[in-house]
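Reading the structure
Single-letter residue listing:
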Amino acid sequence: MRGVVVGGTRSGVGKTVATLAVLRALEAAGHSAQPAKAGPDFIDPSHHVAVAGRPSRTLDVWLEGEDGLRRNYYRGDGDVCVVEGVMGLYDGDGSSTAMVAEALDLPVVLVVDASAGMESVAATAVGFREYAAVAGRDIDVAGVIAQRAHGGRHEAGIVDALPDGLTYFGRIPPHSDLEIPDRHLGLHMGDEAPLDRETLDEVAEHVDTERLVATASEPPRPESDDRKPTRDRRIAVPRDDAFRFVYPGVLERLRSRAEVVTFAPTDGDDVPDADGIYLPGGYPELHASALAGGPALSSLRRYASEGVPVLGECGGMMVLSESLTTADGDSYEMAGVLPANVRMHDRYQALDHVELRAREPTLTAGANDSVRGHEFHYSSADVGSDARFAFDVERGSGIDGDRDGLTEYRTLGTYAHVHAESGAFDRWVDAL
C-alpha cells in the first residue's frame, strides 16, 4: 500500500481538513483511501473514519517502535494511505511527523497557510525541506497543499513561486463550514460534528489526486508479527460516549486473542460475564450522572473484588476510582475499586509521551519492564495513603508525578494509554 504524509508547518494550520479533503478526492478518483494518524490521537481519527468509512491507523514511533509502526500501517486495507501529521512537521521528541515519515519512508505533503502570502508559501516549503538535513531526518518534502488559498491570481502566484522539486498538490479554499468546533480535550469527535459532506467534496475538487498518487511510495515491509493463537477467553469492553478512546490496533489485538463483547454503560447496560474487563479512556466526566445511575459500576466493583483482571486507562481509571468531581463541582460516586478521588480541571494536567517501569509483576508488565505510552488528561487524582502503585514514572507525569498504575485486587488503573504493539495487552490477556 502506497502512502503520503500530510504534514503541517504548525498546529492549527488545517492538517485535518486537508487530510479529509485528500481522502475524499482519492475516493472520487476511484481509489480506496486508508486514513492514518501520526501520534497518539483519538479525535482526528474519528473524523477520518467519518469520511473514509474505515478505521484510521495510529502510527507512533514511541508507542509502537518502527517495526510495530510498519505492521500497523500494513494492516490497512486501502490502496493509498493518507497519514495526517501531528503538530508541526518536526515538533515532538517522542514521535514527530518527520520521525513517522522517516520510519515509513513516505513523502511529505506540507500544508502551508496561504491566507496572506504567495511567494512566502514557496519560501516556507523550501525552508521545511532544507531543515530536514539540519534536524538529521531523512525525509522528502515533496510539495505543498495551500491552505486557505483562493484561486485565480492567488493560486497562480503560489504555483509560479514553487521551485523545481516542490510539487503543487492543490489548495483548500477558505470556507466557514470547514471549521471543527473545540472542547476541552480538543476537537469534537467525527460523529458529533462531522464536516458538511457537500462542502468537503467541493473542496476536494481542488486537490490534484493524480500528482498525489504518482508521488506516493510504499514503505518497507515489517518484520513478521508473532501473534499468539486465539484462546478461549472472553473480554468485556465498554463502547459508548463515555469510553471512546480506543486504538483500532488494540481492539484488533484483543479480538485475535479472545472473544470481545461490548456494552454501553451510559445506556444502562450492565457488565457482561467475562474473564477480563478493559475500560478505555473517553469522557466519563461528561456522562458521570448516567454512569452513577446505572448498574455497571457496582458490577465492576464485584468483578474486581472476585479477582477478575480489570484494566482501566485514563477515563477507565477514573471510573474505577471512588468518586469523580466535574469541573462544575458536581461529585458522583464511581466504582470504588481504586483508592482515589478524581477531580476535573479547566486546563490539562498532563500531555506527553510517557515511559513507565514496573515495580513488580503486574497485569501489563513484568518486574522492571519498561512500558511506553501516552497521557493527556484534564483531571487529577487525590490518592489514599494506602494506595499501591505498579509503576515508577521515567517520563511523564503519571498519577502523582512519580508513580502511575494504581492497583487493587487484580485491577490496574493508569493515566497512560498504551498501544497493542507495546506488548502490554498480550501480557494482560495471558493473565486472564
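Residues numbered from 1 in each chain as written. Predicted model: local features only at pLDDT ≥ 70, side-chain atom pairs only at ≥ 80, totals over all residues. Heavy atoms only, no water.

Describing the packing of helix α3 (residues 61-74) against helix α4 (residues 97-104)
Put simply, α3 and α4 touch, their axes get as near as 10 Å, and they point 40° apart. For the element pair α3 / α4, the angle class is oblique. Once α3 is placed against α4, the crossing between them reads as right-handed. The residues of α4 that touch α3, namely those facing V61, E66, L69, R70 and Y73, are M99, V100, A103 and L104. Looking at side-chain class alone, the contact of α3 with α4 contains seven nonpolar, no polar and two charged residues. (Axes fitted to C-alpha atoms, helices over the stretch in contact; angles between N-to-C directions. Helix = DSSP H or I, 4+ residues; strand = E, 2+ residues; numbered from the N terminus. Parallel < 35°, antiparallel > 145°, perpendicular 65-115°, else oblique. Left-handed = near helix turned anticlockwise from the far one by under 90°. Contact = heavy atoms within 4.5 Å. Nonpolar A, V, L, I, M, F, W, Y, C, P; charged D, E, K, R; others polar.)

Quick notes on the sheet that holds strand β19 (residues 379-383)
Taken in spatial order, the four strands line up as β15-β14-β16-β19 in an open sheet, and their pairing is mixed. The outermost strands of the open sheet, each flanked by one partner alone, are β15 (331-333) and β19. Neighbouring strand axes in the sheet, compared pairwise and without regard to direction, differ in orientation by 20° on average. Judged from the three bridges that link them, strand β14 (residues 323-325) and strand β16 (residues 340-344) form a sheet pairing that is parallel. Within β16, the position partnered with T325 by the bridge is R343. (Pairing = 2+ DSSP bridges.)

Description of the packing of aromatic side chains
All told, the structure shown has eleven aromatic pairs when counted by the stated rule. Aromatic pair F245 and Y283: ring centres 5.1 Å apart, planes at 70°, arrangement edge-to-face. On the criterion of sequence distance, the pair formed by F245 in the loop between β10 (234-238) and α9 (248-257) and Y283 in the loop between β12 (276-279) and α10 (288-293) is long-range, its members being 38 residues apart. In this structure, F245 and Y283 share a single accessibility class: buried. Members of the aromatic cluster, each reached through a chain of ring pairs, are F42, F245, Y247 and Y283. Looking at R302, its charged tip hangs above the ring of Y303, at a distance of 4.7 Å from the centre. Over the face of the ring belonging to W62 we find R395, whose NZ or CZ atom lies 4.9 Å from the ring centre. (Phe/Tyr/Trp six-rings, centres within 6.5 Å; stacked < 30°, edge-to-face > 60°. Buried < 20%, exposed > 50% of the residue type's maximum accessible area, 1.4 Å probe, protein only. Lys NZ or Arg CZ within 6 Å of the ring centre and 35° of its normal.)

Quick word on unusual backbone geometry
Within the chain, D105 stands out as a residue other than glycine whose phi angle is a positive 55°. Summarising the element assignment, D105 is placed in the loop between α4 and β5 (108-113).

Digging into the environment of A242
Within the element layout of this structure, A242 appears in the loop between β10 and α9. Linking A242 and V342, residues 100 residues apart in sequence, is a C-alpha distance of 16 Å. Setting aside residues up to four positions removed in sequence, A242 forms contacts with T266, G281, G282, Y283, P284, H287 and L291.

A closer look at the nonpolar core
In terms of nonpolar packing, the biggest core is built from 39 residues, with L59, Y73, V83, L89, Y90, L110 and V144 touching the most fellow members. Within the residue set of this core, elements represented by two or more residues are β2 (33-38), α3, β4 (80-84), α4, β5, α5 (119-135) and β6 (141-147). The element best represented in this core is α4, accounting for six residues. Apart from the residues within four sequence positions on either side, V144 is in contact with V109, L110, V112, V121, A125, L162, T167, Y168, F169 and G170. Counting 38 residues, the second-largest nonpolar core is a separate cluster that includes F243, V271, A274 and M317. (Core = buried A, V, L, I, M, F, W, Y, C linked by side-chain atoms within 4.5 Å.)

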